[in-house]
Amino acid sequence: MSVPVEAAVLDQQPHRVHGPSALSGDLRRFWSLTVTLARTEFKVRFYGSVLGYLWTLVRPLLLFGVIWVFFTQVGHVNDTTQPGMEQYGSQLLGSIVLMQFFAEATGGAVRSMVDRENMLRKIHFPRLVIPASVVLLAMFNLGLNLIVWLIFSLISGVEPMVSWLVLPVIVGGLVLVTAGMAMLLSALFVWFRDIQPIWEVLLQILFYASPVIISIQTVEKDFGTTALHLYMLNPLAVIFQQFRHSMVTHATPSAGQALGSWAALLEPMAIVLAIFAVGFAVFDRSAARIAENL
Amino acid sequence: MVAFSRPLTTTISRESAPATASAPAAAPAISVQGVSKTFRLPHQQYSTLKERVLHPFRSTEYDELNAVQDVSFEIAEGEFFGIVGRNGSGKSTLLKCIAGIYGVDSGRIGIAGRLSPFIELGVGFNMDLTARDNVVINAIMLGLSRREARSRFEHVIAFAELEQFVDLKLKNYSSGMLVRLAFATAIQVDAEILLIDEVLAVGDAAFQQKCFEQFFRLKREGKTIVFVSHDMHSVERFCNRAMLMEHGVMRQIGDPHAIARAYHKLNFGKLPHDAPAADASGAGTAIADAWFENASGERIAEVSQEEPLRMCFEVRFAEDLEEPVFAATLRTELGHTIVVARSDERGGTSGSFRAGDSAVVRFEMPAWLTPSRYLLTPSLARAGTGADAVALVEDMTSIVIHGSSSGGILELPLKTEIERS
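Being a predicted model, the structure only gives us computed values, none of them experimental.

*Asks:* Honestly, the overall build of chain B in this entry has me stumped. Any pointers?
*Replies:* Looking only at helices and strands, chain B has twelve helices and 20 strands in total. Within the span of chain B, comprising 421 residues, buried residues form 39% of the whole. Within chain B, contacts between residues separated by at least 24 positions form 75% of all contacts whose residues are at least 6 apart in sequence.

So, in structure tokens, the structure goes:
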């Protein structure tokens, strides 16, 4: 075993056994367990299907195709000749990819604790590993989907920009919100089984309440500035909009520009951090008793 | 559901062998002090949000299940310690508390050394993956790094004798193969303290022998092992000490043979009455003596199968009792109940007794039992169902029955008839 000698000697000192918690033990074990669970899930999910992993890449493209055809060619909801609607395809696919990450991670997290009942009841390990592994796997898929988005965008004529360097910040914010919701939902589901259908509906609502199909200019034009401000309280809206601005085209405003000033961004940022903090707090509180309440 | 508590003093002192029951001199690897664990079982299994909203206060209704009550003991470094008890006696809960899977409600648990995080074999096995993947996953959960897990893989497969099936999905494995794989992975753990729950249930004889060898190896290496089992045979074979639990209470701790006997008694040694509470037996009605007699009224220590046997005991009454139920229970040395004789059987009456009276009770029966030693438990209960015991002394005296053995428990007189047709 690679445990240093000093640590082994220290271990000989009697220590008190505490019950399960969200983050007990060393970070190395936390990380290796998280990776292992994510890998396992990945393998299990794609073993049986012929196209295997390709489905994960094709799914957002299919959804994109449907929306593209209906909303621009058939229904003419979006006038792609307007300013801000440049590169609508790339904007749309980008938002879909980000939304899919959020939906996959949070939707998968809901049942994750309950589905791993066997592990929770039989092994001592930091409980946070379970939702973390769900988010990690979704992040992996997000990475590959972003590559698909990149290829699509370059083909459809999006120019590489310096502002692409902002991508880690955008993804970072998205991961924070997602992880917060994942912790919250996975812990709550143990006590309230209604969470699952409720969350499915909320995900649908969020899909339409974020700049995926409809641009924020449309929101502002049709409902006014106040409505736009309310709309931008949704952290996903801010993140998606910033993505569309920084990654696709400056013709559409950045989140800060849409809200009038950069300072106004503090509000959604605070909401992101609050979701993460609340998610962690709820998960941490319930971690000790999850194993006996499954 | 509140499990009844029984005074420990009367039960612990009775059978524990003093040489082994005292806490060993070496530093404890595990110390458990006054640990209690209560589960709250809501009346409705799942409360939905709607129910919460409609009945905001209803969810406070819980059944309390005292799974473990005020248990204290110490396990020395290098000890092989068994925990036995019937289903629902709290032994697995206790193990999970030690492992840190459940938090305790009160008391404290101390550990010196690295603890294997596993308490059951094959946790985390995924039926849709191959043995190769599962061994690595399982080993990582055991606390090994990915590299270590990979490097030990060949060894694990060789031990499990599954070389040909490495790339077979686990769902195509037989249960025996699964257990072999799980055990082979689990013994790779580098911990100093192992907690094991119900292990040797499956696997063929040859593989079980291999497992035993591994247990002896771990024992030689000085690992501390705590293991929960129903298999008294392996408890007696491996354990230095053992502990018996019943209804969440530690009933007895000490020599594994004594514990195994007590366990058999719990399972198969049912008495007509429960032992009376300690305060009642102090100054009250008591069983003064118990003995066996032959047909001519002489006290005997052994008897042949052909002779009739009398189970006798004397009761001194300290209170007035109407129609008490006298009973004599004959059990084997393993604690299996063979005969229960009751004075109220078939409408029998016993009469009324005043304080200060004494009475001798005799039950006569044929000694048609297989040659062995048998133990007599006399008891006395108030009128009624017989559950309300006044006095009871377990295994107060014994008799040796000799004669021929056909291999069964009973040696009944046989009438054999063979008709050629």
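On we go.
*Asks:* Whenever I open this one, the overall build of chain A confuses me. Can you help?
*Replies:* Helix and strand counts for chain A stand at 13 helices and one strand. Element order for chain A, N to C, with α for helix and β for strand: α-β-α-α-α-α-α-α-α-α-α-α-α-α. In chain A, which comprises 294 residues, the proportion classed as buried is 38%. If you take every contact in chain A between residues at least 6 apart in sequence, the share linking residues at least 24 apart comes to 83%.

*Asks:* What's the story with the interface of chain B and chain A in this structure? I'm lost.
*Replies:* Where interface size is given, it is often the accessible area lost as the parts come together that is meant. Every contact between the two is made by 37 residues of chain B and, on the other side, 33 residues of chain A. If you list the elements that add at least two residues to the side of chain B that touches chain A, you get strand S1 (28–42), helix H3 (49–54), helix H4 (91–99), strand S4 (106–111) and helix H5 (131–141) of chain B. Across the side of chain B that touches chain A, the residue classes tally to 19 nonpolar, ten polar and eight charged. Here strand S1 (residues 15–16) of chain A runs beside S4 of chain B; their pairing, made up of two bridges, is antiparallel.

*Asks:* What is the right way to read the packing of helix H6 (residues 129–155) of chain A against helix H7 (residues 167–191) of chain A from this model?
*Replies:* Each pair of packed helices gets described by two things: the angle between the helix axes and the distance between those axes. Residues and elements named next belong to chain A. Between H6 and H7, whose axes approach to 9 Å, the crossing angle comes to 140 degrees. With respect to H7, the axis of H6 lies oblique. In terms of crossing hand, the pair formed by H6 and H7 is right-handed. Of H7, the residues touching H6 (which contributes Ile130, Pro131, Val134, Val135 and Met139) are Val175, Thr178, Ala179, Ala182, Met183 and Ser186. A class-by-class count of the residues in the contact of H6 with H7 yields nine nonpolar, two polar and no charged.

*Asks:* So what exactly am I meant to see when it comes to the confidence of the model for chain A here?
*Replies:* Regions with low pLDDT should not have their predicted coordinates read in detail. All names here are of chain A. Looking at chain A as a whole, the pLDDT averages 85, with 89% of positions reaching at least 70. Per-element confidence in chain A ranges from a low mean pLDDT of 38 for helix H1 (residues 5–12) to a high of 95 for H7. Below pLDDT 50 for its whole length, residues 1–11 participates in five contacts with residues either more than four positions away or in separate chains.

*Asks:* How do you make sense of the confidence of the model for chain B when you look at a structure like this?
*Replies:* Residue and element names in this part refer to chain B. Summary statistics for chain B give a mean pLDDT of 80 and a share of 84% for residues scoring 70 or more. Averaged pLDDT values over the elements of chain B bottom out at 27 in helix H1 (residues 8–15) and peak at 92 in strand S7 (residues 241–246). Taken together, the stretch residues 1–24 has pLDDT below 50 and engages in 37 contacts with residues farther than four places along the chain or on a different chain. This complex was scored by the predictor with a pTM of 0.74 and an ipTM of 0.74.

*Asks:* What exactly am I supposed to notice about helix H7 (residues 153–160) of chain B here?
*Replies:* Given 3.6 residues per turn, any residue in an α-helix points the same way as the ones three and four places further on. Residues and elements named next belong to chain B. Residues of H7 that are buried include every one of Val156, Ile157, Phe159 and Ala160, and no others. Buried positions in H7, seen along its axis, are confined to an arc of 160 degrees and lie on one side of it. Set apart from the buried face of H7 by more than 90 degrees, the exposed residues are Glu154 and Ala158. In the core, the buried residues of H7 are packed alongside H5 and helix H8 (175–186). Once H7 ends, the next one or two residues include Glu161, with phi positive near 55 degrees.

*Asks:* Explain the environment of Val136 of chain B here, please?
*Replies:* Residue and element names in this part refer to chain B. Here Val136 shows up in helix H5. Classification of Val136 as buried rests on a count of 23 C-beta atoms within 10 Å. Spatially, the C-alpha atom of Val136 lies 37 Å from that of Ser106, the residues being 30 residues apart in sequence. Ignoring anything within four residues of it in the chain, the contact list for Val136 reads Ala149, Arg150 and Phe153.

*Asks:* Whenever I open this one, the sheet that holds strand S3 (residues 80–85) of chain B confuses me. Can you help?
*Replies:* Hydrogen bonding along the main chain pairs the strands of a sheet, whether they run parallel or antiparallel. Residues and elements named next belong to chain B. Spatially, the five strands line up as an open sheet ordered S5-S6-S3-S7-S8, and their pairing is mixed. Edge strands, defined here as strands with exactly one partner in the open sheet, are strand S5 (193–197) and strand S8 (249–254). Strand after strand, the sheet turns through a mean of 15 degrees between neighbouring axes, direction not considered. Inspection of the sheet shows S5 paired to strand S6 (residues 224–228) by five bridges, in the parallel sense. From the neighbouring strand, Leu194 faces S6, where its bridge partner is Ile225.

*Asks:* Would you mind going over the nonpolar core with me for this structure?
*Replies:* If you look at soluble globular proteins, the nonpolar side chains tend to sit buried side by side. With 145 residues, the main nonpolar core has Leu98, Ala182 and Leu185 of chain A together with Leu95, Ile98, Val226 and Ile259 of chain B as its most contacted residues. Residues contacting Ile98 of chain B, with those up to four places away along its chain left out, are Val17 of chain A together with Ile30, Val32, Ile109, Leu195 and Val226 of chain B. Listed in part, the 31 residues of the second largest apolar core include Ala290, Leu330, Ala367 and Ala381 of chain B.

*Asks:* What is the right way to look at unusual backbone geometry in this model?
*Replies:* Excluding glycine, a negative phi dihedral is what most residues carry, and trans is how most peptide bonds are arranged. All names here are of chain B. One non-glycine residue, Asp70, lies in the positive phi region at around 45 degrees. For Asp70, a count of 16 C-beta atoms within 10 Å translates into the label partly exposed. Positive phi, normally seen in glycine, also occurs at His247, with a value near 50 degrees. Relative to the helices and strands, His247 resides in the loop between S7 and S8. A count of 19 C-beta atoms within 10 Å places His247 in the partly exposed class.

*Asks:* Please clarify how the pairing of strand S20 (residues 397–402) of chain B should be interpreted in this entry.
*Replies:* Regular strands place their side chains on alternate faces of the sheet. Residues and elements named next belong to chain B. Strand direction decides the pairing type here: strand S11 (residues 302–304) and S20, joined by three bridges, are parallel. Paired with Glu302 across the strands is Val400, a residue of S20. Here strand S18 (residues 372–381) runs beside S20; their pairing, made up of five bridges, is antiparallel. Bridging across to S20, Ser372 finds its partner in Ile401.

About the criteria used
- Residues numbered from 1 in each chain as written.
- Chains lettered and ligands numbered in written order.
- Predicted model: local features only at pLDDT ≥ 70, side-chain atom pairs only at ≥ 80, totals over all residues.
- Helix = DSSP H or I, 4+ residues; strand = E, 2+ residues; numbered from the N terminus.
- Buried ≥ 20, exposed ≤ 12 C-beta atoms within 10 Å, placed from the backbone.
- Contact = placed C-beta atoms within 7 Å.
- Nonpolar A, V, L, I, M, F, W, Y, C, P; charged D, E, K, R; others polar.
- Pairing = 2+ DSSP bridges.
- Axes fitted to C-alpha atoms, helices over the stretch in contact; angles between N-to-C directions.
- Parallel < 35°, antiparallel > 145°, perpendicular 65-115°, else oblique.
- Left-handed = near helix turned anticlockwise from the far one by under 90°.
- pLDDT = per-residue confidence, 0-100.
- Arc of directions from axis to C-beta.
- Core = buried A, V, L, I, M, F, W, Y, C linked by C-beta atoms within 7 Å.

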